[in-house]
Structure formats: structure tokens, C-alpha cells
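# Analysis of the macromolecular model
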Amino acid sequence: MKYTKRITLVLLVALIAIPLFVVHAAGGRIEGKVSDPKATAIAGATVVEPQEKVPTGGQKGNLDPIYQNLRQLAKTDQDFSGNYATVNNLTLKRDAATFTLKTGELYFITPVENRVTAAVFIGSGELSLMPPTVSEKNSLKIFTGEDGITEQFSRLVLRFTDKTFEEIKSSPNATMKTGGAAASQARDLYRNNQEVARKRLHDNRELRTLQDMYNPAQEGYFNAFIDGKRFNKLVYMVEPFAGPGVDPEEVVLLSYGETDGGLWTAFHREEEYKKGTASSSEDHRVVDITQHQIDAAIKGTRLIATDRVTFR
């Protein structure tokens, strides 16, 4: 499906030497020459870009209310004092990885816009993962000494926009309750995870979550931060728009540890290998701009331009 968006730019004719104009926008850059109807370049024409209003008084630049609600999660213990589940051999399969929550409690964060986007597990669990290709098995073997990995863990932080909450809630291996005794511990683990994501991984998980909340038809993502007994800084990601630094592969296992940090393995989703559609030329762009058309008119000392952008 194609969409057309119009953006009005205000241009100011100034007496400078170079007849070029440059516009910086949220998602890119527009460059070109300013010319009259006879296609003659106008010397000294430049652009005054519309200035965004920067809030004062300590307010954050992004005032989107949903984004702000996501950023404020876990500020208090109450954000984990609602729904939680006691689990017994609960299995979550996410592509090539299987998480088995043997015994323990799974605390869910307060919903935003009626969507639960995070959970913290405290108990006994196991991760099992086997890459689908020989090359990725060899890559993982560098770190684990084996083709795959089986890792025991006692704590797990999950970030997601897929159906993880609904799946757990409806599982016969989970009993939903409210007001768990370890809500404060769950909150602290989540806060630590936020610090890791922002400062160590340079990942704005709230912004990524916001993208799916505004586009509920999109396939959701799944992130698991694993505090394993052998490897305690593992991250497993299933990202439909490709994992960080591995585009176009959507499944990633990495570590942010001091001695074993790095990308351990990355590959396409299982269904792609089964269908024979896995390809290094996959395009995961959210927006693909196909055409720019700028119409401008000179009015006195001002140049008014309309930018017509066609994208899919």
C-alpha cells in the first residue's frame, strides 16, 4: 500500500554565496538547488528549517504520552504488584530457543494502553538453543564449546510486544495471582535491565515498544535477558525488523559480558529455512521512500515549498 505525505517548508532567501539548500528532517536529508521558473539557479537562496519547540522546565523532548508512560514504568514497586504467575514447567518456544520455567514466579509489569510489555521471572529455569545452520553452530561453538547451548538460570527479564503475556495467562502450567511477595525484587531486576539496555547496549527498548503499540497489526518482538549460571549476561532476541547489527537476520544470541561479550550467533527464522525463503537480500525497512517531489513558489523574499513524499 502506498501513502502520500505533504510537508510544508518555509524557505528564506538570504544573501549568501552558495545557491544550495539543505533540509534536515526526522528521517533523512533533502538537498538541492533553488531555481526560478526558467531553471536558472538563484544565488544566495537557502532554507530556514522549521524549528521544533524545545520544552523548558526540565521536560523531556519527546512528550508522546504513551512513550512517557513506558519510560516511567518501574519507578515504584507498585508497577510489579499486580499480576504474577506461579509456574510449573512452563515452556516458551521462541524460534530456535526454548525457555522452560521449571518452578518459580513470573511478575508482569503494569499494562500501558492495556498491553503488558515486560515480565520478570524468579525461580529455576533452562534455556535450550540450537542454531539451524552449520555455520552458526560453529559460531556458537566458539563460546560454548558445543553446537548449541543449554543454560540454567535463576532470573530472567523478558521484554516483548508479541503474545507472551496472553500465552502464559492461558497456559495450564501457570496460575495467575496478584500481589506477589517478590514484587520489589522484580522491580529492581527490571530497573537494572533498563540500565543495561540504555547504557551498555545503547538500546531504547521503550521506543521500539512504542512502534508496535502504534502499529498493533505488526508482528511483535521478543527479548530475553538471561542471568545464567555459566553465562550471566546473555540476550536472546527475535526481532521481525532484523536484530541489531545483523540485518537481515531476525534471531540473535549475544553477550554483553566482560570476557565473552559479542555476537554469538544470528540467523533467520525457522519458518524461513523450512520454506526455503531465507535470504541475505531481505528488506526489513519500515518505510521505503519511492519518490520526492518539491513544488516551490517565490513570494517576495520568501520561498514557500511543498514536499510531496510517496512511500510504501
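Along each chain, numbering runs from 1 in the same order as the chain's sequence is written. Under the rules for a predicted model, residues below a pLDDT of 70 receive no local features and side-chain atom pairs below 80 are neither given nor counted, while totals for whole chains, interfaces and linings still include all residues. Heavy atoms throughout the structure, all of them, feed into the side-chain values; hydrogens and water do not.

### Some thoughts on the packing of aromatic side chains
What counts is decided by this rule: Geometry of aromatic contacts follows a simple scheme: Phe, Tyr and Trp rings, the Trp one being its six-membered ring, pair when their centres are within 6.5 Å, and the pair is stacked under 30 degrees between planes, edge-to-face over 60, tilted otherwise. Counting from the N terminus, the helices are DSSP H or I runs at least four residues long and the strands are E runs at least two residues long. In this analysis the charged atom, NZ for Lys or CZ for Arg, is taken to sit over a ring once it is within 6 Å of the ring centre and within 35 degrees of the ring normal.
A full pass over the atoms with the stated rule returns 8 aromatic pairs. Centroid distance Phe143 to Trp264: 4.8 Å. Interplanar angle 10°. Geometry classified as stacked. One end of the pair, Phe143, is in helix 2 (residues 134–144); the other, Trp264, is in strand 12 (residues 262–267), and 121 residues separate them in sequence. Through a chain of ring-to-ring contacts, the aromatic side chains of Phe99, Phe222 and Tyr236 assemble into a single cluster. The ring of Phe222 is capped by Arg94, whose NZ or CZ atom sits 5.1 Å from the centre of that ring. Residue placement shows Arg205 over the ring face of Tyr221; its charged tip is 4.6 Å from the ring centre.

### Structural notes on the pairing of strand 6 (residues 118–129)
Our working rule: For two strands to be treated as a pair, DSSP must find no fewer than two bridges joining them.
Looking at chain direction, strand 5 (residues 97–108) and strand 6 are connected through 11 bridges and run antiparallel. Residue pairing in the sheet places Leu101 in a bridge with Gly125 of strand 6. For strand 6 and strand 7 (residues 149–160), the ladder comprises 10 bridges, and the chain directions are antiparallel. Its bridge partner being in strand 7, Ala119 is matched across the sheet by Leu158.

### Focus on the pairing of strand 9 (residues 222–228)
Test applied: Think of it in three bands: with a 1.4 Å probe and only protein chains considered, a residue is buried below 20% of the maximum accessible area for its type, exposed above 50%, and partly exposed in between.
Of all 7 residues that make up strand 9, 7 are buried, and the element is covered over most of its length. Side-chain alternation along strand 9 places Phe222, Ala224, Ile226 and Gly228 on one buried face and Asn223, Phe225 and Asp227 on a second face that is also buried. Summarising the sheet, strand 7 and strand 9 pair through 7 bridges and their orientation is antiparallel. Bridge pairing links Val157 to Phe225 in strand 9. Here 5 bridges tie strand 9 to strand 10 (residues 234–238), and the two strands are oriented antiparallel to one another. By the bridge assignment, Phe222 is partnered in strand 10 with Val238.

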